[in-house]
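Report on the structure
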Amino acid sequence: MPTPKIVSASNPEAIEIAARILREGGLVAFPTETVYGLGADAGNPQAVARIFEVKGRPRLDPLIVHVGDFESAKYYGQFPASADALTKRFWPGPLTLIVAKKPSVPSIVTAGLDTVAIRVPAHPAALALIKAAGFGIAAPSANPFGYVSPTDAQHVAEQLGDAIDLILDGGPCSIGVESTIVSLEISTYRVLRVGGTPIEEIEAILGNVDINIDVSRRPQAPGQLKRHYSTSTCLEIAEESAEIIYAGEKVGLLSLTEPENPRNYAAVEVLSASGNLREAAANLFRALRRLDTLSLDKIVARPVREEGLGRAIMDRLRRCSARE
Ligand code: TXA
Ligand code: MG
C-alpha cells in the first residue's frame, strides 16, 4: 500500500518540500541512478545521527556525501590531480571517490576517518534536490543495515516508511546496483567496491587498477562485509550442471536468462531475457526482494559472466550467499 509520504519527484513542489525538510534537519529518501538514498544535510550532525538510528547502521560505517558537481565536491574533500580524469569522465554517475576530508564534514559522516566518500549522482531528481537544498546530502542506501538496497520508492516505503519524513519517487533506478568506490587516498587507485561503473571503463582511462575488495581483512567499507546486501531467505550460487534435486523444498531460481526447467522451481526470476548484464543489474535487487517475500526454503542463483556489470552482480550475490 502506498503511504501518503511518497510524492512524485516530477511534482514541481515536491523538490521544494523535500529541500525544506532537509534544511530543518529531517530525513528524505530520494532516487539516484544506482539505488534510493536516505538523505540528510551533510553539515548537520544531529540529522546524520538519525540516519544511523533509522537504518540500524553501526556508527563505524561512514556515509557518502552527494553533491551537484565537482566544484561543490571540493568544499567537502581535498582532491588530488589524479581525480580529474575520473570526475571528468564519470560524474555525474555511479562512481564514488574517497579523498582526504575537509573540516566542513562533521566526523559522524566519516565515522571519524580523515577521508570522505563523495559522488555526483546522475538522477535528475537527486540533482534537483541537492540544488534546491543548497548543500551536500549525506546518504547511505535507504534500507535497513545489511539488507538488499532499494531500487524503487515502494521498497523504501515498505521498510523505512514509518521512520522517515518523505520519500521522493523518481521511478525505478536505471543502474540498480550501488556506485563503484575508488580510493584516491594513496598515489595508486584502489577499488573498494565494484558497482555501477564497470572496472573495464575505469581501466580504459587509468590502466590497471588495484581491486581491493578483500573481505578477510578489517573492512574499509562495510559494503565489503562478507555478509551484506542479504535476503532473509538463504541464497546459494549454483551452476545448472551442478543441479541437485531439492526434495520437498520450495526453491526459487534467479537466472540471467530463461531456465531450461522452470517447473523444477516454486518461482523463477529472469534478470534479462536477452542476457544483457546492464539490464540484469537493474533488475537484480527487485528480483531478490520478490523471491524473498515468497517464504521459500532457498533461493538458487545462477552465476553470471564476470565482466561489465556482471562483476557487481556476482559481488552482491556472493555477499548475499555468505552466512555466519
Ligand atoms: O550508489 C551508491 O553509492 C548509493 C547511493 C544512495 O548513492 N549509496 C550507498 O551508500 O551505497 P552505502 O552507505 O550503502 O554504502 C557506502 C559505502 C559503505 O560501504 C561505506 O563503508 C563506504 O561507502 N565508505 C564511505 N566513506 C568511506 C571512507 N571514507 N572510506 C572507505 N569507505 C567508505
Ligand atoms: Mg548500503
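The rules we used
- Residues numbered from 1 in each chain as written.
- Chains lettered and ligands numbered in written order.
- Predicted model: local features only at pLDDT ≥ 70, side-chain atom pairs only at ≥ 80, totals over all residues.
- Heavy atoms only, no water.
- Helix = DSSP H or I, 4+ residues; strand = E, 2+ residues; numbered from the N terminus.
- Axes fitted to C-alpha atoms, helices over the stretch in contact; angles between N-to-C directions.
- Parallel < 35°, antiparallel > 145°, perpendicular 65-115°, else oblique.
- Left-handed = near helix turned anticlockwise from the far one by under 90°.
- Contact = heavy atoms within 4.5 Å.
- Nonpolar A, V, L, I, M, F, W, Y, C, P; charged D, E, K, R; others polar.
- Domains from an automatic or database assignment.
- Buried area = accessible area lost by both parts, 1.4 Å probe.

Notes on unusual backbone geometry
Cis rather than trans, the peptide bond between Trp91 and Pro92 has omega equal to -5°. Here Pro92 is to be found in the loop between helix H4 (83-90) and strand E6 (95-101). Positive phi outside glycine occurs at Ala111, with the angle close to 55°. The topology assignment puts Ala111 in the loop between E6 and strand E7 (115-119). In this structure, Ser295 is a non-glycine residue whose phi angle is positive, near 50°.

Comments concerning the packing of helix H8 (residues 277-292) against helix H9 (residues 310-321)
Contact geometry of H8 with H9 gives a least axis separation of 9 Å together with a crossing angle of 30°. Taken as axis vectors, H8 and H9 run roughly parallel relative to one another. Like other packed secondary-structure pairs, H8 and H9 cross with a definite hand, here left-handed. In this structure, H8 uses Leu277, Ala280, Ala281, Leu284 and Phe285 to contact H9, whose residues at the interface are Gly310, Ile313, Arg316 and Leu317. Residues belonging to the contact of H8 with H9 are distributed by class as follows: 7 nonpolar, 1 polar and 1 charged.

Focus on the environment of Lys131
With respect to the helices and strands, Lys131 occurs in helix H5 (residues 124-133). A C-alpha to C-alpha distance of 43 Å links Lys131 and Ala267, two positions 136 residues apart in sequence.

Section: the domain arrangement of the protein
Taken as a whole, the protein is organised into domain 1 (5-211) and domain 2 (235-321). Averaged C-alpha coordinates put domain 1 and domain 2 at centres separated by 28 Å. Residue-level contacts link 26 residues of domain 1 with 15 residues of domain 2. Contact between domain 1 and domain 2 buries roughly 1,700 Å² in total, counting both sides, with carbon and sulfur atoms accounting for 52%.

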